[in-house]
Amino acid sequence: MWTDVMTGEFLGTTFMILLGGGVVANAMLRGTKGAGSSWLMINAGWGFAVMVGVLVSTSTGSPYGDLNPAVTIAKYLLGVHTDELKVARMMLAELLGCFMGAVLVWAAYYPHWEVTRDPLRKRAVFCTDSAVANKAANVISEAIATVVLIFAIGSMVDSALVTDQALPYLIGVLVWAIGLSLGGPTGNAMNPARDLAPRIAHWVLPIAGKGSSGWQYAWVPIAGPLLGAVLAAALRRVFL
């Protein structure tokens, strides 16, 4: 059964990936107006993408705006979400929304896939990869970034200085900051759905010269954020 919460999570993640993947496409693909743009622009775009995703999600049916199975699981471990079926439905909606957002990025930049020769630049629009191949270190890097994300969001929610109205904007700034500070090793997915669903889209879409979808790495941005979710929940229970 599809619920209003699922609608909000689906639409929020769709907008998040459309804008987040879109800024990477603008920077990576040949012949775009933003071709060759900086890491700063990509991280700013992702921060704004998450901000918009939270706003869309919370205005279209979800009171949570999780957008991220790692966040949803951390909230379950902390007792914010108590219904296992609702948690499963939310994570399904987040995956579907991330897939839809990736398809829309592909459509928005349709002429640029064929003229871009490097398959790794094309894949980077959809999913993450390591700067240095060391999967154990890559998992740790993803876990650390996810702990910062979840712990800091929880601190914002608990802070008397932060209103509900300000929260989406501060989450966007937080994502921007994490990307600038901790995104170097892996591109910090921090979100299993954000990486897995667009990677599936890359795999199934008819992208000219796309090359491999990098499945040998795909488990890292799933395992790292899930580990980070468990650690963040544990740290919040210990210190708060």
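Refer to the structure presented above.
For every chain, the first residue of the written sequence is number 1, and numbering continues from 1 along that sequence. Per-residue local features are limited, in this predicted model, to residues with pLDDT of at least 70; the limit for side-chain atom pairs, both in listing and counting, is 80 or more; totals at the level of whole chains, interfaces and linings are taken over all residues. Only hydrogens and water are set aside when side-chain values are computed; all heavy atoms of the structure are taken into account.

S.K.: It is not clear to me how the overall build of the chain should be interpreted in this structure. Could you clarify?
M.R.: Secondary structure is summarised from DSSP: a helix means a run of H or I of at least four residues, a strand means a run of E of at least two, and numbering begins at the N terminus for each. The helix and strand inventory of the chain stands at 10 helices and zero strands. Against the globule reference of 18 Å for 240 residues, the chain gives a C-alpha radius of gyration of 17 Å, in line with a compact fold. Taken over the C-alpha atoms alone, the chain extends approximately 50 × 35 × 30 Å along its principal axes. Contact between two residues is taken to exist if any of their heavy atoms lie within 4.5 Å; hydrogens are not considered. Put simply, 76% of the contacts in the chain that link residues at least 6 apart link residues at least 24 apart. Counting every atom, the chain has about 10,800 Å² of accessible surface; 70% of that belongs to carbon and sulfur. The convention is simple: Lys and Arg are positive, Asp and Glu are negative, and His and the chain ends are not counted. The atom standing in for a charge is NZ when the residue is Lys, CZ when it is Arg, CG when it is Asp and CD when it is Glu. With 15 positive and 13 negative side-chain charges, the chain shows a spacing of 10 Å between the two charge centroids. Values of the radius of gyration come from C-alpha atoms, whereas the globule rule sets the reference at 2.2 Å times the count of residues to the power 0.38. The Shrake-Rupley method, run with a 1.4 Å probe, gives the accessible areas here. Residue values count only the displayed protein chains as cover.

S.K.: Can you help me understand a nonpolar patch on the surface in this one?
M.R.: Patch construction takes residues with relative accessible area above 30% that form no salt bridge. Like charges are linked within 9 Å, and nonpolar side chains (Val, Leu, Ile, Met, Phe, Trp, Tyr) are linked within 5 Å. Whenever Lys or Arg places a side-chain nitrogen within 4 Å of a carboxyl oxygen from Asp or Glu, that contact is recorded as a salt bridge. A contiguous nonpolar patch, built from Leu235, Val238, Phe239 and Leu240 and spanning about 440 Å² of accessible area, is present on the exposed surface. Relative to the helices and strands, Phe239 is located in helix α10 (residues 220–239). For every residue, the accessible area (1.4 Å probe, protein chains only) is compared with the maximum for its type, and the residue is labelled buried under 20%, exposed over 50%, or partly exposed between those bounds. In this structure Phe239 comes out as exposed when scored by relative accessible area, which is 58%.

S.K.: What exactly am I supposed to notice about the packing of helix α3 (residues 69–77) against helix α4 (residues 84–108) here?
M.R.: Between two packed helices, the angle of one axis relative to the other and the distance separating the axes together describe the packing. Only the contacting stretch of a helix is used when fitting its axis, a line to C-alpha atoms as for every element, and angles between N-to-C directions run 0 to 180 degrees. Where α3 meets α4, the axes come as close as 9 Å, and the angle between the chain directions of the two elements is 170°. Put simply, α3 runs roughly antiparallel to α4. Of the two elements, α3 crosses α4, and the hand of that crossing is right-handed. Contacts from Pro69, Thr72, Ile73 and Tyr76 in α3 reach Glu84, Val87, Met90, Met91 and Glu94 in α4. Broken down by class, the residue content of the contact of α3 with α4 amounts to six nonpolar, one polar and two charged. Should an angle fall under 35 degrees it is taken as roughly parallel, and over 145 as roughly antiparallel, whereas 65 to 115 is taken as roughly perpendicular and any remaining angle as oblique. Left-handed describes a crossing whose near helix is turned anticlockwise from the far helix by less than a right angle; the clockwise case is right-handed. Classification used: nonpolar for Ala, Val, Leu, Ile, Met, Phe, Trp, Tyr, Cys and Pro, charged for Asp, Glu, Lys and Arg, polar for all others including Gly.

S.K.: Sorry if this is basic, but what is going on with helix α9 (residues 192–204) here?
M.R.: An α-helix turns once every 3.6 residues. As a result, residues three or four positions apart point the same way. Between the first and last residue of a helix there are one fewer steps than residues, each counted as 1.5 Å, and that sum is the expected span. With 13 residues, α9 ought to run about 18 Å at 1.5 Å a step, and its terminal C-alpha atoms sit 18 Å apart, in line with that. By the burial criterion, the buried members of α9 are Pro192, Ala193, Arg194, Asp195, Ala197, Pro198, Arg199, Ala201 and His202. Buried positions along α9 lie against α1 (4–28), α2 (39–59), α3, α4, α6 (119–126) and α10. The term polar contact refers here to a pair of N or O atoms within 3.5 Å; inside protein, the definition further demands a hydrogen-donor-capable atom paired with an acceptor-capable atom, and it admits residues adjacent in sequence only when both atoms are side-chain atoms. Two or three places before Ala193, at the opening of α9, Asn191 has a side-chain oxygen 3.0 Å from that residue's backbone nitrogen.

S.K.: Where do I start with the state of the cysteines in this structure?
M.R.: Disulfides are covalent bonds that connect the sulfur atoms of two cysteines. Two cysteine sulfur atoms make up a disulfide if the distance between them is within 2.5 Å. Here the structure, examined in full by the defined rule, presents zero disulfides. Free of any disulfide, Cys98 has its nearest cysteine sulfur in Cys127, 12 Å distant.

S.K.: Explain the pattern of salt bridges to me, please; I cannot follow it from the model alone.
M.R.: A side chain with one charge may pair with a side chain of the opposite charge, provided their charged atoms come close. For the structure on display, the rule yields four salt bridges. Note that Lys75 is salt-bridged to Asp66, the shortest N-O span being 2.6 Å. Residue class for Asp66 comes out buried when judged on its relative accessible area of 6%.

S.K.: Explain the side chain of Thr72 to me, please; I cannot follow it from the model alone.
M.R.: Note that Thr72 resides in helix α3. In this structure the side chain of Thr72 is engaged in a polar contact, spanning 3.0 Å, whose partner is the side chain of Glu94. Setting aside residues up to four positions removed in sequence, Thr72 forms contacts with Asp66, His81, Val87, Met90, Met91 and Glu94.

S.K.: Sorry if this is basic, but what is going on with the nonpolar core here?
M.R.: Within soluble globular proteins, side chains that are nonpolar tend to cluster in buried spots. Counting residues in hydrophobic clusters, the biggest one holds 46 residues, and the most contacted among them are Trp46, Trp113, Val125, Phe126 and Leu149. The contacts of Phe126, once residues within four sequence positions are left out, are Ala102, Trp106, Trp113, Arg194, Asp195, Pro198, Arg199, Ala201, His202, Leu205 and Ile207. Remark: nonpolar core denotes a set of buried residues (Ala, Val, Leu, Ile, Met, Phe, Trp, Tyr, Cys) joined through side-chain atoms within 4.5 Å.

S.K.: When you look at the packing of aromatic side chains in this model, what are you seeing that I'm missing?
M.R.: Each pair of aromatic rings is reported with the distance of its centres and the angle of its planes. Centres within 6.5 Å are what make two rings of Phe, Tyr or Trp a pair, Trp counting through its six-membered ring; a difference in plane orientation under 30 degrees is then read as stacked, over 60 as edge-to-face, and the rest as tilted. As enumerated under the stated definition, the model contains five aromatic pairs in all. Centroid distance Trp2 to Phe10: 6.2 Å. Interplanar angle 75°. Geometry classified as edge-to-face. In this structure, Arg236 is placed above the aromatic ring of Phe151, and the distance from its NZ or CZ to the ring centre is 5.2 Å. Two conditions define a charge sitting above a ring: the NZ of Lys or the CZ of Arg must be within 6 Å of the ring centre, and it must be within 35 degrees of the ring normal.

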